[in-house]
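Residue strings, one per chain:
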Amino acid sequence: MLTSGLTEHEHKPVMDMTPEKKLLTTLLTSANITINGNGPNDIQVNNEKFYSRVIREGSLGLGESYMDGWWDCEHLDGFFDAILRTQLYNHLSEYSFLLLKLFLSRLINFQTKRRSLEVGKKHYDLSNLLFEKMLDSRMNYTCGYWKEAKTLEEAQLAKLELSCQKLLLKPGMRLLDIGCGWGGMARYAAEKYGVHVVGITISQQQYEYAKKVCADLPIEIRFQDYRDLNEPFDRIVSLGMFEHVGHKNYSTFMKKVRHCLTDDGIFLLHSIGDNITELPNKWITKYIFPHGMLPSIKLLGKAIENVFVLEDLHNFGAYYDKTLMAWHQRFMDHWEEIKSDYDERFKRMWNYYLLSCAGSFRARGIQLWQMVLSKEGLRGGYQAPR
């Protein structure tokens, strides 16, 4: 019976906060993030199912719910910096899927020749126009070197020059570029240092693009898996490809590089790395880099043991934050020119990808390593430029 003019709805007691919402609110508060707050790192929840989804599905649920518009944040990069600095992720269970993935990763090679082609088709073959608008003029899709650079263009040029200097390139040398992308490194090394380059990629669009931009130089671009290489090179470089190799193939990769490197050769490995040995982020592997996995120092050390001598290790992971933020700015600046090929969900996905990664590097949760490796140790030692 209704009394005093109150509706039935007004008589119902206010429901207590769900356990999932209470837990997530507490965790985010510990990272100085307020749900529906006014700060730039605070999140605005648009769907109450968000809480249970994130608690149940972890990183995958967090990313997918953002793509679905269930929550927003003014500064996604700042949000991820905050939650990673407080190691909030460690409190979220990934439940049975994580256990299954862990079990399968011990049995299955997710980066076979056939499976390795998926990342080319799903990510690098998205559209050359997309990457042209987002990247620098040389189409470098790896971390820039911002030591003295003020712009993305300067940072990527500095990275190429630093890499060439570390390789001690000389005119007439044969350089192998594993994962050559759109040909930026190959072209720079051939033009500036007079070397002959073989670049390999498993992306069809990269292959076609690189062949065109390198056609006037002593550069051969191949659509080829690294496992099919069987010829000598004076120098070998790999910029941002090792993240796709997979831990079950690390030893195979290193032994293949050693086999192809001359006795006095130098190998420069440029790779994102994780502070700890762990499984990959589920959202990243589902939507951005299929079958990808970041190496740890432990796994890298095991792979190069009895194969290479480590001449130099350089960590400039903090520069990836600036690189990703520059890519994001260019992506947003050119969105009107490319949006006819994509939908709003892709835009949210790409924003989430670039900004979550920027926050991860800012929090120093992941790194960027350049390793200089030789077969037996360079006589007299090695002095690395910085």
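Please refer to the structure placed before this passage.
Here is what the cut-offs are and how they apply
Residue numbers here run from 1 along each chain, matching the order of that chain's written sequence. Local features in this predicted model are restricted to residues whose pLDDT is 70 or higher, and side-chain atom pairs enter the listing and the counts only when it is 80 or higher, whereas totals over whole chains, interfaces and linings include all residues. Neither water nor hydrogens contribute to the side-chain values; these are computed over all heavy atoms in the structure. Fitting a line to C-alpha atoms yields each axis, with helices limited to the stretch in contact; the angle taken between N-to-C directions then spans 0 to 180 degrees. Secondary structure counts use DSSP, requiring at least four H or I residues in a row for a helix and at least two E residues in a row for a strand, with both numbered from the N terminus. Roughly parallel means an angle under 35 degrees; roughly antiparallel means over 145; roughly perpendicular covers 65 to 115; every other angle is labelled oblique. Contact criterion: two residues are considered in contact whenever any of their non-hydrogen atoms come within 4.5 Å of each other. Under this grouping Gly is polar, as are all residues other than the nonpolar Ala, Val, Leu, Ile, Met, Phe, Trp, Tyr, Cys and Pro and the charged Asp, Glu, Lys and Arg. Without a salt bridge and with relative accessible area above 30%, a residue can belong to a patch; like charges are then joined within 9 Å and nonpolar side chains (Val, Leu, Ile, Met, Phe, Trp, Tyr) within 5 Å. Using the Shrake-Rupley algorithm and a 1.4 Å probe, accessible areas are obtained, with residue cover drawn only from the displayed protein chains. We count a salt bridge whenever a side-chain nitrogen from Lys or Arg sits within 4 Å of a carboxyl oxygen from Asp or Glu. Here the term buried applies to any residue with accessible area under 20% of the maximum for its type, exposed to any over 50%, and partly exposed to those in between, with areas from a 1.4 Å probe on protein chains only.

(A) Molecular detail of the packing of helix α2 (residues 19-30) against helix α3 (residues 50-67). In contact at an axis separation of 8 Å, α2 and α3 are set at 75° when each is read in the N-to-C sense. With respect to their mutual orientation, α2 and α3 come out roughly perpendicular. Of the residues in α3, those in contact with Glu20, Lys21, Leu23 and Leu24 of α2 are Phe50, Tyr51, Ser52, Val54 and Ile55. Considered class by class, the residues forming the contact of α2 with α3 number 6 nonpolar, 1 polar and 2 charged.

(B) Just a nonpolar patch on the surface, in detail. On the surface, a cluster of nonpolar side chains totalling about 230 Å² of accessible area is made up of Ile297, Leu310 and Leu313. Tracing the backbone shows Leu310 in strand β8 (residues 309-315). You can call Leu310 partly exposed: its relative accessible area is 39%.

(C) View of the packing of α3 against helix α16 (residues 344-362). Close contact between α3 and α16 brings their axes to 8 Å; oriented N to C, the two are set at 135°. Overall, the two elements α3 and α16 adopt an arrangement that is oblique. Taken together, the residues of α16 that come into contact with α3 (itself represented by Ser59, Leu62, Gly63, Glu64, Tyr66 and Met67) are Arg345, Arg348, Met349 and Tyr352.

(D) Quick look at the pattern of salt bridges. Counted by the stated rule, this structure contains 24 salt bridges. A salt bridge links Arg348 to Asp72; the shortest N-O distance between them is 3.0 Å. Taken as a pair, Arg348 in helix α16 and Asp72 in strand β2 (residues 71-73) lie far apart in primary sequence, 276 residues in all. In this structure, the salt-bridge partner of Arg187 is Asp216, at a minimum N-O distance of 2.8 Å. Remark: Asp216 occurs in the loop between α10 (204-213) and β5 (219-223) and Arg187 occurs in helix α9 (residues 184-193); sequence separation between them is 29 residues.

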